[in-house]
Amino acid sequence: MRYMLMHKLDEDQPGTFDPSPEFIERMGAFVGEAAQAGVLLAGEGLLKSSKESGRITVEKGKTTIIDGPFTETKELIAGFALLEVRSKDEAMEWAKRFVDLFIADGVDVEVDVRRVNEGPAEA
């Protein structure tokens, strides 16, 4: 089963995280371990909300296109990882290890762990 880890921006962050060299090293090790374990399908950090960002909403049949940057940071995703694991518990263990990367730098972090719908039987 697949799970997506979504790293949300902290409200105190100015739209991006400025990682230390040690953080980059720890993240590289985490990605390497997840890849070697065969659970990492994809993972990327997202650039901060800018004029290159956009949002489309549909409300009561009306489509609205909004150009970035977006000011409401608590609604933004800073990055994601897509994992192929055997269970929710395994996904949560990887998520805890991911969160530990930020804790070591004293950065507050919130990560949503969501199962990916893999077919009609799971809807």
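Here we look at the pairing of strand E5 (residues 77-84)
Two faces belong to every sheet, and in a regular strand the side chains alternate between them.
Inference 1: Two elements, strand E1 (residues 2-8) and E5, share seven bridges in a ladder whose sense is antiparallel. Across the sheet, residue Arg2 finds its bridge partner in E5, namely Glu84.
Inference 2: Pairing of strand E2 (residues 40-45) with E5, which is carried by five bridges, proceeds in the antiparallel orientation. Looking at E5, one finds that Gly43 is bridged to Ala81.

Side note on the packing of aromatic side chains
Inference 1: Applying the stated criterion across every chain yields a total of four aromatic pairs.
Inference 2: With 5.8 Å between their ring centres and 55 degrees between their planes, Phe30 and Phe98 make a pair best called tilted. A residue pair is termed long-range when its members are at least 10 positions apart, and Phe30 in helix H1 (residues 21-36) and Phe98 in helix H2 (residues 88-103) qualify at 68 residues. Considered together, Phe30 and Phe98 belong to a single accessibility category, that of buried residues.
Inference 3: A ring pair is formed by Phe98 and Phe102, whose centres lie 5.3 Å apart and whose planes are at 65 degrees; its orientation type is edge-to-face.

Quick notes on unusual backbone geometry
Inference 1: Residue Pro69 is reached from Gly68 by a cis peptide bond, and omega for that bond is 5 degrees.
Inference 2: Here Pro69 shows up in the loop between strand E4 (62-67) and E5.
Inference 3: The phi torsion at Lys60 lies on the positive side, around 55 degrees, for a residue other than glycine.
Inference 4: Looking at where Lys60 falls in the secondary structure, it is placed in the loop between strand E3 (54-59) and E4.

Concerning the nonpolar core
Inference 1: Formed by 18 residues in total, the largest nonpolar core has its most connected members in Leu83, Val85, Trp94, Phe98 and Leu101.
Inference 2: Of all the elements in the fold, those that place two or more residues in this core are E1, H1, E5 and H2.
Inference 3: Per-element tally for this core: the top contributor is H2, with six residues.
Inference 4: Other than its neighbours up to four places away in sequence, Leu83 contacts Met1, Arg2, Tyr3, Leu5, Val39, Leu40, Leu41 and Trp94.

Examining the pattern of salt bridges
Inference 1: Taken as a whole and judged by the stated rule, the model has seven salt bridges.
Inference 2: Measuring nitrogen to oxygen at the nearest pair gives 3.6 Å for the salt bridge that ties Glu118 to Arg2. Here the residue Glu118 occupies a position in the segment after strand E6 (110-115), and Arg2 occupies one in strand E1, the gap between them amounting to 116 residues.
Inference 3: On the basis of relative accessibility, which here comes to 37%, the residue Glu118 falls in the partly exposed class.
Inference 4: On the basis of relative accessibility, which here comes to 25%, the residue Arg2 falls in the partly exposed class.
Inference 5: Of the charged contacts in the structure, one is a salt bridge between Asp105 and Arg26, with a shortest N-O distance of 2.8 Å. With a gap of 79 residues between them, Asp105 in the loop between H2 and E6 and Arg26 in helix H1 connect regions that are remote in the sequence.
Inference 6: Using a relative accessible area of 24% as the deciding quantity, one classes Arg26 as partly exposed.
Inference 7: Among the charged side chains, a salt-bridge network with shared partners connects Lys8, Glu110 and Asp112.

What counts, and at which threshold
Residues numbered from 1 in each chain as written. Predicted model: local features only at pLDDT ≥ 70, side-chain atom pairs only at ≥ 80, totals over all residues. Heavy atoms only, no water. Pairing = 2+ DSSP bridges. Helix = DSSP H or I, 4+ residues; strand = E, 2+ residues; numbered from the N terminus. Phe/Tyr/Trp six-rings, centres within 6.5 Å; stacked < 30°, edge-to-face > 60°. Buried < 20%, exposed > 50% of the residue type's maximum accessible area, 1.4 Å probe, protein only. Core = buried A, V, L, I, M, F, W, Y, C linked by side-chain atoms within 4.5 Å. Contact = heavy atoms within 4.5 Å. Salt bridge = Lys/Arg side-chain N within 4 Å of Asp/Glu carboxyl O.

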